[in-house]
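Observations on the three-dimensional arrangement
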Amino acid sequence: MPDDNENVYRFAPLSAYPLKQRVLIRLADWAFYFAIFAIGATIRFETQGAENLRKIEDDGKLPVYATWHDQIFLGTFYLKRRGIVFLTSLSFDGEYIARFLQRLGFGVIRGSSTRGGAKGLVKMIRGMNAGLAMGFTVDGPKGPRHQVKHGVVLLAKKTGNPILPFMVRPRKYWTVNSWDGLQIPRPFTRAVMTFGEPIEVPQDASDEEVENIRTDLQSELDRMAGGGKS
């Protein structure tokens, strides 16, 4: 397991991709990395709910960070260099996302709800059992937008660690014309980073209870995102 833990912070080989895609992956990787740093460094953050993260740590547990896919840009800047491991899809898009996440100090496990999902979840369970905090964009990798999938709840159930919903709301931002409506904050704007109440999942939770908790998480993320653009 130590080797597996170290591997989540290393780039995967690109030999399976044709030359054109290898070049595009590297270009997209560096473009996102520099854009996140250049814009993120200008943002004036306010943090709300930090005590919710501290409570998890004080209880000797690890957070399962959960947010929407459109939060990737600013969320990764705020949470950088903490060693959090995220699930990314086994795809062209997933590869350049994995690379800029790793440049920002995150770990990456490949898998998704549509391809390699079960294997990815098993790796995440093993990682948490070995002491790694995990993160989910809970409507990824391709939507439907803002609809929580079950994987994050199952991970919390299997590991006994609570889900920590979070949301970053920049006051001013651009929206990318993509399935997730990715938010790109405008330089020098203010942003509120909110950590929600931890959500516990009993390890003996029934399928019905898992679904109810998924619905609760959906409601909490909807509520946290409700501030929108001002």
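Scroll up for the structure.
Values in this document were obtained by computation on a predicted structure and should not be read as measured data.

What counts and how
Residues numbered from 1 in each chain as written. Predicted model: local features only at pLDDT ≥ 70, side-chain atom pairs only at ≥ 80, totals over all residues. Heavy atoms only, no water. Helix = DSSP H or I, 4+ residues; strand = E, 2+ residues; numbered from the N terminus. Buried < 20%, exposed > 50% of the residue type's maximum accessible area, 1.4 Å probe, protein only. Axes fitted to C-alpha atoms, helices over the stretch in contact; angles between N-to-C directions. Parallel < 35°, antiparallel > 145°, perpendicular 65-115°, else oblique. Left-handed = near helix turned anticlockwise from the far one by under 90°. Contact = heavy atoms within 4.5 Å. Nonpolar A, V, L, I, M, F, W, Y, C, P; charged D, E, K, R; others polar. Core = buried A, V, L, I, M, F, W, Y, C linked by side-chain atoms within 4.5 Å.

A separate point is the environment of Ala66. Here Ala66 shows up in strand β2 (residues 64-67). A relative accessible area of 0% places Ala66 in the buried class. When the C-alpha positions of Ala66 and Ala28 are compared, they lie 24 Å apart, and in sequence the two are 38 residues distant.

Take the packing of helix α7 (residues 151-159) against helix α8 (residues 207-225) next. One way to put it is that α7 packs onto α8 with a least axis distance of 9 Å and a crossing angle of 120°. Between α7 and α8, the interaxial angle falls into the category oblique. For the pair α7 and α8, the sense of crossing is right-handed. Seen from α7, the contacting residues are Val152, Val153, Leu154 and Lys157; seen from α8, they are Val210, Ile213, Arg214 and Leu217. Classifying every residue of the contact of α7 with α8 by side-chain character gives six nonpolar, no polar and two charged.

Moving on, we get to the nonpolar core. Taken as a class, soluble globular proteins show a tendency for nonpolar side chains to be buried jointly. Counting residues in hydrophobic clusters, the biggest one holds 36 residues, and the most contacted among them are Tyr65, Leu79, Phe100 and Phe195. Going through the elements one at a time, α2 (19-40), α3 (50-58), α4 (72-78), α5 (92-103), β6 (163-170) and β9 (190-195) are the ones with two or more residues in this core. Not counting the four nearest positions on each side in its chain, Leu79 is found in contact with Tyr65, Ile84, Phe106, Phe166, Met193 and Phe195. Within the second largest apolar cluster, 30 residues are counted, among which are Leu132, Val153, Ile213 and Leu217.

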